[in-house]
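One-letter residues, chain by chain:
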Amino acid sequence: MFGTRHAVVVTHSRLRESGTVVEEAVEQLTQAGFEVSIIDNIEAPDFGKQSPVVPERTEIVVVLGGDGTILRAAELVHCTSVPILGVNLGHVGFLAEFESFQMSEAIRRVAEHDYSIDERMIAHVDVWLPGTNEPIGDWALNDITLERADRGKMVELSIRVDDVEMSSFGCDGVIVSTPTGSTAYAFSAGGPIMWPNVKALQLVPLAAHALFARPLIIGSGSTFAIDILEDSTSDGWICCDGRRQRALPRGTRVEVRESKSTLRLARLSGVPFTNRLVTKFDLPVVGWREQARKTGEVHRGHVSPEDKEANE
């Protein structure tokens, strides 16, 4: 590659003020031959408005923080081909590729172009306000939530898939999630985990008053349509990735489908998603029955042949 290589470091101001990790990352990127820009305060744009994007010459965006910081960085690369590399300085960090103690290795690999690209599905949302002829469009990497505007009441919704009505109910709201977002808000609300390579969208009702109000999963060629009924006791509220939001009056229709755009995540390890799932959630891969059996054997003085051989 000829000319100066440009990298953008995305973090948050609290992290810059509380330690030296950001300075260290910038110094290492500079030593690796990058011109570095730092962005540490990304204000959420208005719903339906395009946020500023990184310069066209940007080679990579390095995110220092948790998954929330990666969601903010996603706005900076939306509709571009610039990849994101996440270094987890937060809590769970599902989207991040490296932990903070691995930062030097991450930057070395980036400098050597030693990484692959994982393209993540993005959801596109169209909001049709009552009496309008044009929708307001937005998008989400994780999820789109449609909730009640009045905390003390329910919002009455009608759910359609490919223009066929599936159900209608009063509820606190619904979550429409991508596979990437299935381990976040949707998972907390009882939705299933979808592997990132699955091309699908899921809808998870929140405290729905209905007999049939289970999560729904549709293929990438299908569309969810959610109507806020005219006789709803509450207006609605929509939010994309916990960032871009607006009020929705009764009579609004929300349509969610797969976006033509994708988000490019830089992957360096090749670790399967299943490993990440087990590690991040600290899954008990040994069941309680097996644990109980082993505990009982120890209490009864039973020693396995392997343990006996080791002791000898």
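The shown structure was predicted, so the numbers you read here are calculated from the model rather than taken from an experiment.

Draft legend 1. Structural view of the packing of helix 2 (residues 21-31) against helix 4 (residues 103-111). At a minimum axis separation of 10 Å, helix 2 and helix 4 run at an interaxial angle of 30 degrees. Relative to helix 4, helix 2 is oriented roughly parallel. Two packed elements cross with a definite hand, and for helix 2 against helix 4 that hand is right-handed. Along its contact with helix 2, which presents Val21, Glu24, Ala25, Gln28 and Leu29, the element helix 4 presents Met103, Ser104 and Ile107. Considered class by class, the residues forming the contact of helix 2 with helix 4 number five nonpolar, two polar and one charged.

Draft legend 2. Region of interest: helix 3 (residues 67-77). With respect to burial, helix 3 is a largely interior element, eight of its eleven residues being buried. All of the buried residues in helix 3 are Thr69, Ile70, Leu71, Ala73, Ala74, Glu75, Leu76 and Val77. Looking one or two residues beyond helix 3, the residue adopting positive phi is cysteine 79, at roughly 70 degrees.

Draft legend 3. How the structure looks around the sheet that holds strand 8 (residues 143-148). Ordered by their spatial adjacency, six strands build an open sheet running 13-12-11-8-15-16, and the pairing between neighbours is antiparallel. Both edges of this open sheet fall to strand 13 (216-219) and strand 16 (244-248), since each of them pairs with a single strand only. On average, adjacent strands in this sheet sit at an angle of 15 degrees to one another, irrespective of strand direction. Note that strand 11 (residues 173-177) and strand 12 (residues 200-206) share five bridges and pair antiparallel. Bridge pairing in strand 12 places valine 176 opposite leucine 203.

Draft legend 4. Summary view of the packing of aromatic side chains. Applying the stated criterion across every chain yields a total of zero aromatic pairs. Seen from the ring of tryptophan 139, arginine 244 lies directly overhead, with NZ or CZ sitting 4.3 Å from the centre.

Analysis parameters
- Residues numbered from 1 in each chain as written.
- Predicted model: local features only at pLDDT ≥ 70, side-chain atom pairs only at ≥ 80, totals over all residues.
- Heavy atoms only, no water.
- Axes fitted to C-alpha atoms, helices over the stretch in contact; angles between N-to-C directions.
- Helix = DSSP H or I, 4+ residues; strand = E, 2+ residues; numbered from the N terminus.
- Parallel < 35°, antiparallel > 145°, perpendicular 65-115°, else oblique.
- Left-handed = near helix turned anticlockwise from the far one by under 90°.
- Contact = heavy atoms within 4.5 Å.
- Nonpolar A, V, L, I, M, F, W, Y, C, P; charged D, E, K, R; others polar.
- Buried < 20%, exposed > 50% of the residue type's maximum accessible area, 1.4 Å probe, protein only.
- Pairing = 2+ DSSP bridges.
- Phe/Tyr/Trp six-rings, centres within 6.5 Å; stacked < 30°, edge-to-face > 60°.
- Lys NZ or Arg CZ within 6 Å of the ring centre and 35° of its normal.

The quantities given are spatial measurements derived from coordinates; they are silent on function.
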